[in-house]
Structures are given as structure tokens and as C-alpha cells.
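Residue-level listing of the chains:
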Amino acid sequence: DDARQLTGLVSPEEIAGFYRGLGPKVVVIKLGAEGALLASGNDLQTFPPYAVDSIDMSGAGDTFDGAFAVCFLQDRPLDECMRFANAAAALTTTGLGCVSPVPRREAIHALMARQPQS
């Protein structure tokens, strides 16, 4: 929603293109319950969310951002960064509040192993 208001564009693909035009090599658009969109090079790829029993969405976006940044700064492949961030964000929604449900790395990897994204 923020990116739509800032750019005046509607589709995630258009928004990613707009931000790519500003110079970054990688743009990620969070799509909430629809997962996230990765724009890098000339490629656009959507990563679906992990299925969990969500009770509170608070903090999911911030958790996604932090998890993606950690993975990215470790020079992990972008598709792994996206899956890691999606799993972290999903797990955050299974608890109440913004801080206490943020998962540890082991829980993120367990979800990724148990429930691979298509």
C-alpha cells in the first residue's frame, strides 16, 4: 500500500520496475498473504508464503525485512533470502505481538525444510 501511494502505480511488477529504475540491483515487494516479489536483473519472481496458523500479523513485515537483510548480507542466493524471509515472517504471525514471536534461525530452517515453497 505504501509503495502504491508513493509511486502512483498499482501492480507489484510496475512498482518493482519503478524502484529498479532508481538504481538498486535488487527490489523486494512484500505482498502480505500473497508472499513477496523479487526483482533482480531482468527477472521478476514471486515467492508464495508459508502456510501457518496465523493469529496476529503485527511485526511480520519488519521480521521479513530483517530476515532478508541478514541472509542477503551473508551473500546467500537471493531465492534463499526470499524463502528465509517468508518463513520468518510467517512464523512471526503465529504469536501475539511484534517482538516475542520473532523466530530463531532454527525454527525458520525447520519450517523451510518441512514446507518447501513451490
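Everything here concerns the structure above.
All figures in this text were calculated on a predicted structure; none of them were measured in a lab.

Participant: Sorry if this is basic, but what is going on with the sheet that holds strand 2 (residues 36-40) here?
Facilitator: Two pairing modes exist for strands in a sheet, parallel and antiparallel, and in both the strands are linked by backbone hydrogen bonds. Within the open sheet, the 3 strands sit side by side as 1-2-3. Their pairing is antiparallel. Bordering the open sheet on either side are strand 1 (26-30) and strand 3 (43-47), each of which pairs with just one other strand. The mean inter-strand angle of the sheet, taken between neighbouring strand axes irrespective of direction, is 15°. Across the sheet, helix 2 (residues 12-20) is in contact with strand 1, strand 2 and strand 3; its angle to strand 1 comes to roughly 150°.

Participant: Could you clarify how one ought to interpret the pairing of strand 3 in this entry?
Facilitator: Two faces belong to every sheet, and in a regular strand the side chains alternate between them. Taken together, the 5 bridges between strand 2 and strand 3 define a ladder with antiparallel strand orientation. Pairing of Ser40 across the sheet is with Asp43, part of strand 3. The hairpin formed by strand 2 and strand 3 contains 2 residues between the paired strands, and Gly41 there has a positive phi angle of roughly 60°.

Participant: What is the right way to look at the pattern of salt bridges in this model?
Facilitator: Any two side chains of opposite charge can pair if their charged atoms end up close together. Enumeration over the complete set of coordinates arrives at 4 salt bridges. Residues Lys30 and Asp65 are paired through a salt bridge, measuring 3.0 Å at the closest nitrogen-oxygen approach. Residue Lys30 is found in strand 1, and its partner Asp65 is found in helix 3 (residues 60-73); the two are separated by 35 residues along the sequence. We note a salt bridge from Asp79 to Arg83, for which the minimum N-O separation is 3.0 Å. One end of the pair is Asp79 and the other is Arg83, both in helix 4 (residues 78-92) and 4 residues apart, which spans about a single turn.

Participant: Teacher, can you tell me more about the layout of surface pockets here?
Facilitator: Any space left empty among the atoms is revealed by the rolling of a water-sized probe across them. In this structure, the largest pocket occupies an estimated 910 Å³ of space. Looking at the largest pocket, it is lined by 32 residues, and the ones nearest its centre are Lys30, Leu31, Gly32, Gly35 and Gly61. Elements that contribute at least two residues to the lining of the largest pocket include exactly helix 1 (2-7), helix 2, strand 1, helix 3 and helix 4. The element contributing the most residues to the lining of the largest pocket is helix 3, with 5 residues. Looking at side-chain class alone, the lining of the largest pocket contains 21 nonpolar, 6 polar and 5 charged residues.

Participant: Please explain the packing of helix 3 against helix 4 as it appears in this structure.
Facilitator: Packed helices, taken two at a time, are described by the angle between their axes plus the distance between the axes. Where helix 3 contacts helix 4, the axes come no closer than 8 Å and their chain directions differ by 150°. By the criterion of interaxial angle, the relationship of helix 3 to helix 4 is roughly antiparallel. Considering only the axes of helix 3 and helix 4, their crossing is right-handed. In contact with Ala60, Thr63, Phe64, Ala67, Phe68, Cys71 and Phe72 of helix 3, helix 4 contributes Leu78, Glu80, Cys81, Met82, Phe84, Ala85, Asn86, Ala88, Ala89 and Thr92. Split by residue class, the contact of helix 3 with helix 4 holds 13 nonpolar, 3 polar and 1 charged.

What counts, and where the lines are drawn
Per chain, the residues get numbers from 1 upward, laid out in the order the sequence is written. Reporting of local features is limited, given that this is a predicted model, to residues whose pLDDT is at least 70; pairs of side-chain atoms are given and counted only at 80 or more, and all residues count toward the totals for whole chains, interfaces and linings. The basis for the side-chain values is all heavy atoms of the structure; hydrogens and waters are excluded. Being paired, for any two strands, means DSSP has found at least two bridges between them. Numbering goes from the N terminus for both helices and strands, where a helix is a DSSP run of H or I of at least four residues and a strand is a run of E of at least two. Between N-to-C directions, angles cover 0 to 180 degrees, with each direction set by a line fitted to C-alpha atoms, over the stretch in contact for helices. Residue contacts follow a heavy-atom distance rule, with two residues in contact if any of their heavy atoms lie within 4.5 Å. Salt bridges are defined as contacts in which a side-chain nitrogen from Lys or Arg sits within 4 Å of a carboxyl oxygen from Asp or Glu. Each cavity reported here is a set of points on a 1 Å grid over the protein atoms alone in which a 1.4 Å probe fits but cannot get out, each pocket an open set with protein on both sides within 12 Å along at least five of seven lines, and each lining residue one with an atom within 4 Å of a point. Grid points are joined across faces, edges and corners, and a volume is the space filled by probe spheres set on the points. Residue polarity follows a fixed list, in which Ala, Val, Leu, Ile, Met, Phe, Trp, Tyr, Cys and Pro are nonpolar, Asp, Glu, Lys and Arg are charged, and the others, Gly among them, are polar. If an angle is under 35 degrees, it is roughly parallel; if it is over 145, roughly antiparallel; if it lies from 65 to 115, roughly perpendicular; otherwise it is oblique. Handedness of a crossing follows from how the near helix is turned relative to the far one, being left-handed for an anticlockwise turn of less than a right angle and right-handed for a clockwise one.

These values are about where atoms sit, not about what they do.
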